[in-house]
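# Overview (structure and organization)
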Amino acid sequence: MEVDGHRTVLWRTEDSVRLQSRSGRDVTTHWMDLAGAAMRLPPGVVLDGEAVVYLSDADGNARISFEAAQSRALSRPRRAREITDRHPATYVAFDVLAHPAAGFPDLRPRPDVERRQVLPDVLADTGPPIVPVWSTTDLDEALLWCTALEGTGVEGVVAKPLRV
């Protein structure tokens, strides 16, 4: 599943968390709610994912708002804190790049399918708002997602070969 948010790499260091945008800008102050939650991750973990913001529509249905995520990501830190109070974020992790506690100091050279197998272990004790991206190997389920999630802020389904 591909969600429409702010692409962010998350580093859990020995004593803190750092979030970085795709351009390399430190955006930790913009996503402090995610940084606080990420302190539950083991030190040395590096995740790749999207910082997303869910908003409710008039019917009370939640949808991912790209505009809300971008507004927060591009605001000044003080404004980002104000937005956080009204619209907390979720970090949708779609890749784990490092997990030293499990003997994987650098997973980047490994195939995607292997990294995806490590992701649930990395996030097992973390819980929301840091969650794994939805994934499936079932074609019918993926097609259902494509139609049922229209208007929810989900961009689409990403297909990758299962090579080991």
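As shown above, the structure is provided for reference.
## A few points about the pattern of salt bridges
Per the stated rule, a full pass over the model turns up 7 salt bridges. Ionic pairing is found between Arg 115 and Asp 112, a salt bridge with its closest N-O pair at 3.5 Å. Taken together, the residues Arg 115 and Asp 112, both in helix α4 (residues 112-123) and 3 residues apart, mark about one turn of the helix. On the basis of relative accessibility, which here comes to 23%, the residue Asp 112 falls in the partly exposed class.

## Side note on unusual backbone geometry
Of the consecutive residues Pro 128 and Pro 129, the connecting peptide bond is found in the cis state with omega at 15°. Its place among the elements puts Pro 129 in the loop between α4 and β7 (130-132).

## Notes on helix α2 (residues 66-74)
For α2, the complete set of buried residues consists of Ala 68, Ala 69, Arg 72 and Ala 73. Down the axis of α2, the sector holding all buried residues measures 130°, keeping them to one side. Structural note: α2 exposes Glu 67 and Leu 74 on the side pointing more than 90 degrees away from its buried face. In the core, the buried residues of α2 are packed alongside β2 (6-12), α1 (32-38), β4 (46-56), α3 (77-86) and β6 (89-98).

## Digging into the environment of Val 52
Tracing the sequence through the fold places Val 52 in strand β4. For Val 52, a relative accessible area of 0% translates into the label buried. As a C-alpha pair, Val 52 and Ala 69 span 17 residues in sequence and 5.7 Å in three-dimensional space. Dropping the residues within four chain positions of it, Val 52 is found in contact with Val 3, Asp 4, Gly 5, Ile 64, Ala 89, Thr 90 and Val 92.

## Quick word on α3
For an α-helix the count is 3.6 residues per turn, leaving residues at separations of three or four pointing the same way. Taken as a whole, α3 has its buried residues at Ala 80, Ile 83 and Thr 84. Seen from one end, α3 has its buried residues packed into an arc of 105°, which puts them on one side. Turned more than 90 degrees off the buried face of α3, the exposed positions are Arg 78, Asp 85 and Arg 86. Tucked into the core, α3 has its buried residues touching α1 and α2.

About the cut-offs
- Residues numbered from 1 in each chain as written.
- Predicted model: local features only at pLDDT ≥ 70, side-chain atom pairs only at ≥ 80, totals over all residues.
- Heavy atoms only, no water.
- Salt bridge = Lys/Arg side-chain N within 4 Å of Asp/Glu carboxyl O.
- Helix = DSSP H or I, 4+ residues; strand = E, 2+ residues; numbered from the N terminus.
- Buried < 20%, exposed > 50% of the residue type's maximum accessible area, 1.4 Å probe, protein only.
- Arc of directions from axis to C-beta.
- Contact = heavy atoms within 4.5 Å.

Keep in mind these values describe shape, not function.
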